[in-house]
2 protein chains.
Amino acid sequence: MKFNFPALQVALDVTDDRVAEDLALKCWVDDHVWIEAGTPLIKSVGVGIIGRLRRLLPKAVIFADMKCMDAGFVEAELASVSGANLMSVLGVANDATILEAIRACRKYGTGVVVDLISISNPLQRAFEVQGLGVDMVCFHTGIDVQKSMGISAYEGLIEYISKACKSLNIPVAVAGGITLDKVRPLMDAGVKVIVVGSAITKSSDPRETTIRFVREILR
Amino acid sequence: MKFNFPALQVALDVTDDRVAEDLALKCWVDDHVWIEAGTPLIKSVGVGIIGRLRRLLPKAVIFADMKCMDAGFVEAELASVSGANLMSVLGVANDATILEAIRACRKYGTGVVVDLISISNPLQRAFEVQGLGVDMVCFHTGIDVQKSMGISAYEGLIEYISKACKSLNIPVAVAGGITLDKVRPLMDAGVKVIVVGSAITKSSDPRETTIRFVREILR
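Residues numbered from 1 in each chain as written. Chains lettered and ligands numbered in written order. Predicted model: local features only at pLDDT ≥ 70, side-chain atom pairs only at ≥ 80, totals over all residues. Heavy atoms only, no water.

### Observations regarding the interface of chain B and chain A
Next, step 1: Between chain B and chain A, the contact holds 36 residues from the first and 36 residues from the second.
Next, step 2: In this assembly, chain B packs against chain A so that about 2,600 Å² is buried in total across both faces, 61% of it on carbon and sulfur atoms.
Next, step 3: The largest share of the area that chain B buries against chain A comes from B:Lys43, B:Met69 and B:Asp144, three residues that together contribute 27% of it.
Next, step 4: Linking chain B to chain A there are four salt bridges.
Next, step 5: Note that A:Glu75 and B:Lys43 form a salt bridge whose closest N and O atoms lie 2.7 Å from each other. (Contact = heavy atoms within 4.5 Å. Buried area = accessible area lost by both parts, 1.4 Å probe. Salt bridge = Lys/Arg side-chain N within 4 Å of Asp/Glu carboxyl O.)

If you want it as structure tokens, here you go:
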């Protein structure tokens, strides 16, 4: 599958399938918005949610945030067969797992994204997994780290991301506590996919907020 | 909850819920056997499978292999509310995530197990997470690494595990390609929980094989 960039990836960071489906219907805006089934959502209700989102939004790019750590082939196949266009593997996983995920995804035409969460040198790992053949990397500050470190979790982020975007040959996504004001600096740094969860899903009007993010990305 | 040691943890390493339920019914042998809902099973059908296993086996110790990497509270709560007695967090996760999982598990009386998969110095990390307050650690060679490295994935394992069991204050579990002949050396090294997947689930008679493992553990 060919993907259009830049994109806003809306993370359905809830555990109830009906709430997730409603949010997806509210937030999808053609090719500009990718719909992410978050890890807790998948663990809560299973990958069947991806099929249900697919039926609701036949043309949408759907991202399965599997955060695969082992059994790469099985998990990538689960996501692919359910109708996902992209799925994630953890960068902390062994190369063997990433290669197994790639093998399954190639079979189904699914894109493989490596989530660089909790890696002390994410850029070095990004180069390694680019070499393994993944389609995209995601620089990601986890929700628990955001909560425990506050704003300091983002210190030096833009310069680091800018360096990553300049030196890697695959598209870069960024995730973790992104608010509207952070979008333009990240885009200017070369980021192709902006992942947003709570800033949209917990806003009073998720559709309006999504539109504001899309406009900021397309500006 | 108090747990009885030693125990055999049978990993339901399948993705179909009916197959998983049948295997659980076949393999449970009172306190000696813990039933593990594997990560791909949870991602396939959701944590609801834990509640269904609970209804089938009201007294069984049920382990939710969540392999939590982020959103520690939410994922630990999902597992706990579904009826799990134990749940896993990844050792590669940030301390903040492990602490969040512990916080939720304390609320529900669920045990927290740290899965040390893909850590270059697992014993050092085991000490760290013991300090954070987790209930157990699991030395784990992933399925993809087993496949890619073969027997060399286990080189020096027994000596390493023996050292870990002697120096840690919390129970140690071991997982990854364990066959019947490996059980006694691991028990002698001080391991409290032996995790077995395919050697039981892919055997021609899972109940008979389970009984053989239980006898080896109790020997």
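Here the narrative resumes, following the displayed structure.
### Quick word on empty space enclosed by the protein
Picture a little ball the size of a water molecule; that probe, rolled over the atoms, points out where space is still empty.
Next, step 1: Summed over the entire model, instances satisfying the criterion amount to one cavity of 30 Å³ or more.
Next, step 2: Counted as a void, the largest cavity has a volume near 40 Å³.
Next, step 3: As for the largest cavity, its lining consists of A:Lys43, A:Met66, A:Lys67, A:Cys68, A:Met69, A:Asp70, A:Glu75, B:Thr39, B:Lys43, B:Met66 and B:Lys67.
Next, step 4: Mapped by element, the contributors of at least two residues to the lining of the largest cavity are strand S3 (61–68) of chain A together with helix H2 (39–45) and strand S3 (61–68) of chain B.
Next, step 5: Counting residues per element, the lining of the largest cavity draws most heavily on S3(A), at three residues.
Next, step 6: Among the residues making up the lining of the largest cavity, the classes are represented as four nonpolar, one polar and six charged. (1 Å grid on protein atoms, 1.4 Å probe; cavity = no way out; pocket = protein on both sides within 12 Å on 5 of 7 lines; lining within 4 Å. Points joined across faces, edges and corners; volume = space filled by probe spheres on them. Helix = DSSP H or I, 4+ residues; strand = E, 2+ residues; numbered from the N terminus. Nonpolar A, V, L, I, M, F, W, Y, C, P; charged D, E, K, R; others polar.)

### As for the nonpolar core
Next, step 1: Counting residues in hydrophobic clusters, the biggest one holds 145 residues, and the most contacted among them are A:Val137, A:Phe139, B:Val137 and B:Phe139.
Next, step 2: Apart from the residues lying within four places of it in its own chain, the contact partners of B:Val137 are B:Val113, B:Val114, B:Leu116, B:Ala126, B:Val129, B:Leu168, B:Ile170, B:Pro171, B:Val172 and B:Ala173. (Core = buried A, V, L, I, M, F, W, Y, C linked by side-chain atoms within 4.5 Å. Buried < 20%, exposed > 50% of the residue type's maximum accessible area, 1.4 Å probe, protein only.)

### Details of the packing of helix H6 (residues 122–132) of chain A against helix H8 (residues 157–167) of chain A
All names here are of chain A.
Next, step 1: H8 packs onto H6 with a crossing angle of 20° between their chain directions and a minimal axis gap of 10 Å. One element, H6, and the other, H8, form an angle in the roughly parallel class. Note on packing geometry: the crossing formed by H6 with H8 is right-handed. Judged by residue contacts, Pro 122, Leu 123 and Phe 127 of H6 engage Tyr 160, Lys 163, Ala 164 and Ser 167 from H8.
Next, step 2: Counted by class, the contact of H6 with H8 contains five nonpolar, one polar and one charged residues. (Axes fitted to C-alpha atoms, helices over the stretch in contact; angles between N-to-C directions. Parallel < 35°, antiparallel > 145°, perpendicular 65-115°, else oblique. Left-handed = near helix turned anticlockwise from the far one by under 90°.)

### Description of the sheet that holds strand S4 (residues 86–90) of chain A
Residue and element names in this part refer to chain A.
Next, step 1: Spatial ordering of the closed barrel is given by S1-S2-S3-S4-S5-S6-S7-S8, a layout of eight strands whose pairing is parallel. Neighbour-to-neighbour, the strand axes of this sheet turn through a mean angle of 25°, independent of strand direction.
Next, step 2: With three bridges connecting them, strand S5 (residues 111–115) and strand S6 (residues 136–140) associate as parallel partners. Opposite Val 113, over in S6, you have Met 136 as the bridge partner.
Next, step 3: The strands that helix H1 (residues 17–27) touches are strand S1 (7–12) and strand S2 (33–37); relative to S1, the one it contacts most, it runs at about 160°.
Next, step 4: Taken strand by strand, helix H11 (residues 206–218) contacts S1, S2 and strand S8 (193–196), and its axis lies near 150° from that of S1. (Pairing = 2+ DSSP bridges.)

### Structural notes on the pairing of strand S2 (residues 33–37) of chain B
All names here are of chain B.
Next, step 1: Counting buried residues in S2 gives five out of five residues, a clear majority hidden from the surface.
Next, step 2: Side chains Val 33, Ile 35 and Ala 37 project from S2 onto one buried face, and the interleaved Trp 34 and Glu 36 project onto a second face that is buried too.
Next, step 3: Pairing geometry for strand S1 (residues 7–12) and S2, over five bridges, is parallel. Bridging across to S2, Leu 12 finds its partner in Ala 37.
Next, step 4: Running through helix H1 (residues 17–27), the crossover from S1 to the neighbouring parallel element S2 is right-handed.
Next, step 5: Examined bridge by bridge, S2 and S3 share four bridges and lie parallel to one another. Bridge pairing links Ala 37 to Ala 64 in S3. (Right-handed = clockwise from strand over helix to strand, strands pointing away.)

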